[in-house]
Structures are given as structure tokens and as C-alpha cells.
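If you want the building blocks of each chain, they are given just below.
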Amino acid sequence: MKIPSDTDEKSPDEVSVEVVLPCLDEAEALPWVMERIPPGWRALVVDNGSTDGSADIARGLGARVVHEARRGFGAACHAGLTAATADVVCFCDCDASLDPADLVPFVDRIIADEADLVLGRRRPQARGAWPGHARAGNLALARLLRRRTGLRLHDLGPLRAARREPLLGLGLTDRRSGYPLQMVVRASDAGWRVAEYDVPYLPRTGTSKVTGTWRGTWQAVRDMSRVLAETGPGGVEGSSA
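Note that the structure is a prediction, hence the values are computed from the model and not measured.

1. With respect to the sheet that holds strand S7 (residues 194-201)
1) Next: Across the sheet, which stays open at both edges, the seven strands sit in the order S3-S2-S1-S4-S6-S5-S7 with mixed pairing between neighbours. Two strands close off the open sheet at either side, each with one partner strand: strand S3 (64-67) and S7. Ignoring which end each strand starts from, the neighbouring axes of this sheet average 20 degrees apart.
2) Next: Where strand S2 (residues 42-47) meets S3, four bridges bridge the pair, whose relative direction is parallel. Bridge pairing links Val45 to Val65 in S3.
3) Next: Relative to the sheet, helix H7 (residues 179-189) contacts strand S4 (88-91), strand S5 (117-124) and strand S6 (160-163), its axis offset from that of S5 by approximately 135 degrees.

2. A word on the pattern of salt bridges
1) Next: Counted by the stated rule, this structure contains 12 salt bridges.
2) Next: With a closest N to O distance of 2.8 Å, Arg122 and Asp155 form a salt bridge. In this pair, Arg122 sits in strand S5 while Asp155 sits in the loop between helix H5 (132-149) and S6, placing the two residues 33 residues apart along the sequence.
3) Next: Measuring nitrogen to oxygen at the nearest pair gives 3.0 Å for the salt bridge that ties Asp189 to Arg148. Here Asp189 is found in helix H7, whereas its partner Arg148 is found in helix H5, with 41 residues between them in sequence.
4) Next: Taking the relative accessible area as the measure of exposure, Arg148 reaches 12% and is therefore buried.
5) Next: Through salt bridges with shared partners, a single ionic network connects Asp113, Asp116, Arg163 and Arg193.

3. What to know about helix H3 (residues 73-83)
1) Next: Among the 11 residues that make up H3, eight are buried, leaving the element largely enclosed by the rest of the structure.
2) Next: Residues Gly74, Ala75, Ala76, Cys77, His78, Ala79, Gly80 and Leu81 constitute the buried set of H3.
3) Next: Of the surrounding elements, those touching the buried residues of H3 are strand S1 (17-23), S2, S4, helix H6 (164-169) and H7.

4. Description of H7
1) Next: Burial analysis of H7 places nine of its 11 residues in the buried class, which makes it a mostly covered element.
2) Next: Within H7, the full set of buried residues consists of Tyr179, Pro180, Leu181, Gln182, Met183, Val184, Val185, Ala187 and Ser188.
3) Next: At the C-terminal side of H7, Gly191 shows a positive phi close to 85 degrees.

5. Notes on the environment of Val46
1) Next: Mapped onto the fold, Val46 is located in strand S2.
2) Next: A sequence separation of 25 residues divides Val46 from Leu21, and the C-alpha atoms of the two residues are 6.0 Å apart.
3) Next: Not counting the four nearest positions on each side in its chain, Val46 is found in contact with Val20, Leu21, Pro22, Cys23, Val66, Glu68, Ala76, Ala79 and Gly80.

Calculation criteria
- Think of each chain on its own: its residues are numbered from 1, step by step along the sequence as written.
- The predicted nature of this model means local features are confined to residues of pLDDT at least 70 and side-chain atom pairs, given and counted, to a pLDDT of 80 or more, with totals for whole chains, interfaces and linings taken over all residues.
- As a rule here, side-chain values cover all heavy atoms of the structure and leave hydrogens and water aside.
- Paired strands, as defined in this entry, are two strands with at least two bridges between them according to DSSP.
- Only DSSP runs of H or I covering at least 4 residues are called helices, and only runs of E covering at least 2 are called strands; the numbering of each starts at the N terminus.
- To define axes, lines are fitted to C-alpha atoms, for helices over the stretch in contact only, and angles between the resulting N-to-C directions are given on a 0 to 180 degree scale.
- Contacts: residue pairs with any heavy atoms within 4.5 Å of one another.
- Should a side-chain nitrogen of Lys or Arg be within 4 Å of a carboxyl oxygen of Asp or Glu, the pair is scored as a salt bridge.
- Residue exposure (1.4 Å probe, protein chains only): buried if accessible area is under 20% of the type maximum, exposed if over 50%, otherwise partly exposed.

If you want it as C-alpha cells, here you go:
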């Protein structure tokens, strides 16, 4: 299913790209992340209540900074999406676990109209990069997603790209850890073409706010399970954990 967009009328060189970077106390990681933003792309850092000067560091490195007072991964991501103005919007963690430069083939596929949503399948590059309990939770959710949508995806990671206007049209409502999954579920329900790329997954800088602890992982799984129970097309309910 082809999604109409203003980008169809532009040459690849004319299509603008913005990378949304949800940020909570990532002062140490920001310089590495910012220097990896591809040339010509814009960085949009969403400060989610940092107390370590992250917002000032991001501005000093050339990012546009917006503030989201409501805590939550989804709240930060959606604030970035609504503040973005580019034709194509990407999402990337701001903790140096993922490389924004790896988004280039994602965007190429969007611009070439070969996919509507492109996701990154994380491949750990070092021991401890992805804790076992977090990987197990992700795998279980990926299987439930397959039952719910038929999409044969392996990961629900944060690295992704899509066109901005269709993304806004999905009407995403989750403001916690379920946001990335809700994006995929609603995109699938809308008939989007969803693709997946392998990407390196590095040990994050600093302490994880979610997957670094059993409690955080459980909260994320609970948030995502609620999303999977959303009513799909025709009133059919999805699977729930």
C-alpha cells in the first residue's frame, strides 16, 4: 500500500530528514551521538527533564532542543515528532548504544518508496550490551506482534524512520514504553510496508532507565502488552500477554 506524500514530488536531494533524540541525562553520550548525525540531516533533542546539562550541551553541538515535562519514552518521542518539520523523521536513542549513521539506508528506502516504516534489528556487539532479561522480553513481544499483525519482525527497537505526515496520521497515544510498538501495530493496521535492517547494538553510555533493570523491563513489557491488546481493524482484538 503506497502512502501519498509530498516527498513523492521531490528529488532525493530535496527531501529533508530530522533525527529525534529522546534525552534524559545523556551529557556524556551526546557528543558521540551528535557527531554521528549524517551530513545535511537535522538533530532534534527532546529533553525529558535532564539535570546534567544535556540540553545546553545539545544546543552547543548544533541540535534544536525542545522540552517535554511529562516523563516517559513515548512522551519524549511524540514531542519530537510533533515538533519536527522535516519530510522524513527518524528516531534514535541518545545513549550511544545506536549509531545515527546507520539510519542512512533506512531513509534511502523511504525516499525510494520501497518501505513506509523501517526498523532496526539490534545485533549486540559486546557482552552486556543487551541484558538477557531485556532480550527475552523483546523476543516474547516480537512473537506476540507477529500473531497480532502477521509482520515477521525480530525486534521492537527504537532505531526507525518514516515520513512525518503519515506518522502523525497514525494518532499515536501511548506516552510510555509502548510507543514504539504502538507505532508498528498501527502502521500494520493501516497497511504500511514495514522493513527491518540489522544494526550494531553497543554498550550504552551511563545507566539504562528501562532495560538495565528487571523492574524497568517488566514495566516496558506491561506497557507494550497493553498496546498489543488494542482493537484492530474490524473490531478484532490483538493478543495480550
